[in-house]
Amino acid sequence: MTDLRNLNVELIHQPVFLDPVTTVIPTFRLLQQDGKLYPGAKAPDMSQELALKIHDTFLFIRALDERMLASQRQGRISFYMTQTGEEASDTCSAAALDAGDVIFAQYREQGALAFRGFSLDQFMNQIFSNEKDLGKGRQMPIHYGSRELNYITISSPLGTQIPQATGYAFGFKQAGQDQCVICYFGEGAASEGDFHAGLNMAGVLKVPVIFFCRNNGYAISTPVHEQLAGDGIAGRGPGYGMKTLRVDGNDALAVYEATRLARQMAVEHQQPVLIESMTYRLGAHSSSDDPSGYRSRKEEDQWRDKDPVARFRNWLIEQGWWTEAQDQERQAEHRKAVAVAMKRAEKIDSPPLADLFSDVYDKLPWHLQQQQQQAKEHILRHPQAYPATAARLKAAGEDKA
């Protein structure tokens with residue numbers, strides 16, 4: 001970083017303003033939509049096993065999102081968010097990391113979690129908030145977390161994970177561990193104050209963190225051009241003193257290679273990195289959103305032609321590692337498995353009432369004991385509104401306590 005007070009800096013004698021129109025960051029891309037590399041492009045060193053695992057994760061997420069959105073429409077779950085069209089951004093970046101690296105997600109990174117080994121049953125248990133949910137049913141659907149997989153539990157407020165990721169990475173630096181943190185967020189979250197605080201701290205402290213922005217075009221219904229006037233999110237990176245790269249988020253190979261190199265910088269040189277992944281949210285923002293009110297079908301179709309899953313499948317076929325027939329068969333297998341797991345998760349009981357009050361204090365304080373007792377009494381007075389919990393309390397004899 002240049003010390004602006006240093007008298008040896010380059011001097012000019014006529015004012016020259018940086019122009020945000022002509023100073024545009026280029027986009028890193030390797031794959032064409034037909035699965036062939038661009039002339040002069042070189043594919044990363046990716047094994048057949050890894051490539052097929054990435055693609056299988058794509059197919060699994062498509063099947064999961066399709067079924068869960070339908071389930072929400074049927075009233076079987078309360079809420080859902082798909083990541084259709086954005087699968088390459090999180091899955092391929094996660095594939096370039098070490099298993100010990102920590103993931104701070106926003107709420108559209110189920111691909112990264114699936115790639116790390118979160119099971120289908122674990123996904124379902126969280127979505128249905130049953131008693132096998134690792135989060136004990138306390139979170140909305142798709143707010144996953146796994147200590148075993150180094151995936152920090154998602155929180156709803158936008159941007160809070162950004163300074164938290166910086167702090168976690170600072171811990172890695174202090175401990176001398178050769179690990180890094182990756183922090184996912186959308187371009188809408190980059191309008192939060194936490195974004196600026198988090199990146200500024202990372203740049204000053206020089207911590208091993210990769211800030212991975214999924215620029216999918218919309219912050220719910222607000223298009224990018226109404227959010228910011230500069231050169232996207234990548235244009236902010238140099239201002240915070242960090243290495244920056246813009247990548248085609250629909251190009252699985254480019255995302256993988258970009259993240260692999262970013263991790264190398266972060267771990268070996270304690271250098272924070274900002275990656276802006278240019279992609280598109282083909283689905284609605286969430287199951288509560290109707291995108292037809294703010295964007296056209298024509299726009300969606302243009303991006304559907306840039307589908308990252310199809311592009312990567314075409315590359316796999318070019319390598320002789322996959323076939324269309326295998327693809328159709330695997331899609332059907334995933335759809336069947338998701339449907340079976342969903343029915344299984346629906347039959348599992350809700351978490352016990354006590355789980356609402358545990359894990360905050362070592363010993364439950366008097367005021368929470370009082371609230372817990374009040375909750376029991378309320379449920380037992382209105383068993384028709386809480387049939388499962390009321391039945392469980394009665395079975396345990398707590399209606400006589």
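For the structure itself, look to the data block above.
Residue indices follow the written sequence of each chain, beginning from 1 at its first position. Local features in a predicted model are, by the rule used here, given only for residues with pLDDT of at least 70; side-chain atom pairs are given and counted only at 80 or more, and totals for whole chains, interfaces and linings are based on all residues. Heavy atoms from the whole structure form the basis of all side-chain values; hydrogens and water molecules are not counted.

*Asks:* Looking at this model, I keep getting lost on the sheet that holds strand β8 (residues 243-248). Mind explaining?
*Replies:* Whether two strands pair depends on DSSP finding at least two bridges between them. Helix and strand definitions follow DSSP, with helices as H or I runs of at least four residues and strands as E runs of at least two, each counted in order from the N terminus. The 7 strands are arranged β1-β8-β9-β5-β4-β2-β3 in an open sheet whose pairing can be described as parallel. Where the open sheet ends on each side, the last strands, each with one partner, are β1 (27-28) and β3 (151-152). Across 3 bridges, the pairing between strand β2 (residues 102-104) and strand β4 (residues 181-186) is parallel. From the neighbouring strand, Val-102 faces β4, where its bridge partner is Val-181. The contact criterion used is simple: two residues touch if any of their non-hydrogen atoms lie within 4.5 Å. Axis lines are fitted through C-alpha atoms, for helices just across the contact stretch, and the angle between N-to-C directions can take any value from 0 to 180 degrees. In the packing of helix α2 (residues 87-95) onto the sheet, the strands contacted are β4, β5 (209-215) and β9 (273-278), and the crossing angle to β4 comes to about 175 degrees. Packing of helix α7 (residues 252-269) onto the sheet brings it into contact with β1, β4, β5, β8 and β9, and relative to β5 it is tilted by some 155 degrees.

*Asks:* Would you mind going over the environment of Leu-69 with me for this structure?
*Replies:* If you trace the backbone, Leu-69 turns up in helix α1 (residues 48-73). Under the relative-accessibility criterion, Leu-69 is labelled partly exposed at 28%. Sequence separation of Leu-69 and Leu-120 is 51 residues, and the distance between their C-alpha atoms is 16 Å. The residues touching Leu-69, leaving out its near neighbours within four places in the chain, are Tyr-80, Thr-82 and Ser-287. When accessible area is computed with a 1.4 Å probe and restricted to protein chains, residues below 20% of their type maximum are described as buried, those above 50% as exposed, and intermediate ones as partly exposed.

*Asks:* Whenever I open this one, helix α5 (residues 161-175) confuses me. Can you help?
*Replies:* Think of an α-helix as 3.6 residues a turn; residues three or four steps apart then line up on the same face. The terminal C-alpha atoms of α5 lie 21 Å apart, and with 15 residues this matches the ideal 21 Å at 1.5 Å per residue to within 8%. Along α5, the positions that sit buried rather than exposed are Gln-161, Ile-162, Ala-165, Thr-166, Ala-169 and Phe-172. Seen from one end, α5 has its buried residues packed into an arc of 145 degrees, which puts them on one side. Exposed positions of α5 whose direction lies more than 90 degrees from the buried face are Gln-174 and Ala-175. Buried-residue contacts for α5 involve β2, β4, α6 (193-205) and β5. Where α5 ends, the next residue or the one after it, Gly-176, has phi of about 70 degrees, a positive value. Every helix has an expected span of 1.5 Å times one less than the residues it contains. What the arc covers is the set of directions going from the helix axis to the C-beta atoms.

*Asks:* How should I be thinking about the packing of helix α4 (residues 120-127) against helix α10 (residues 324-346) in this particular structure?
*Replies:* Geometry of a packed helix pair, given as the angle between the helix axes and the separation of the axes. The contact between α4 and α10 brings their axes to 9 Å, and the two run at 45 degrees. Here α4 is positioned oblique relative to α10, judged by the angle of their axes. In the crossing of α4 with α10, the sense of the turn from one axis to the other is right-handed. Counting all contacts with α4, which are made through Leu-120, Asp-121, Met-124 and Asn-125, the residues of α10 involved are Ala-337, Val-338, Ala-341, Met-342, Arg-344 and Ala-345. Just so you know how the angles are binned, under 35 degrees is roughly parallel, over 145 roughly antiparallel, 65 to 115 roughly perpendicular, and the rest oblique. Rotating anticlockwise by less than a right angle from the far helix to the near helix defines a left-handed crossing, while the corresponding clockwise rotation defines a right-handed one.

*Asks:* Can you walk me through the pattern of salt bridges in this structure?
*Replies:* Pairs can form between side chains of opposite charge once their charged atoms are near each other. Basic side-chain nitrogens of Lys or Arg form a salt bridge, by our definition, when they fall within 4 Å of a carboxyl oxygen of Asp or Glu. One pass over the structure, following the stated rule, counts 29 salt bridges. Between Lys-376 and Glu-398 there is a salt bridge; the shortest N-O distance is 2.5 Å. Residue Lys-376 is found in helix α11 (residues 366-381), and its partner Glu-398 is found in the segment after α12 (387-395); the two are separated by 22 residues along the sequence. Several salt bridges converge on common partners, so that one network encompasses Arg-295, Arg-297, Glu-300, Asp-301 and Arg-304.

These figures capture arrangement, not role.
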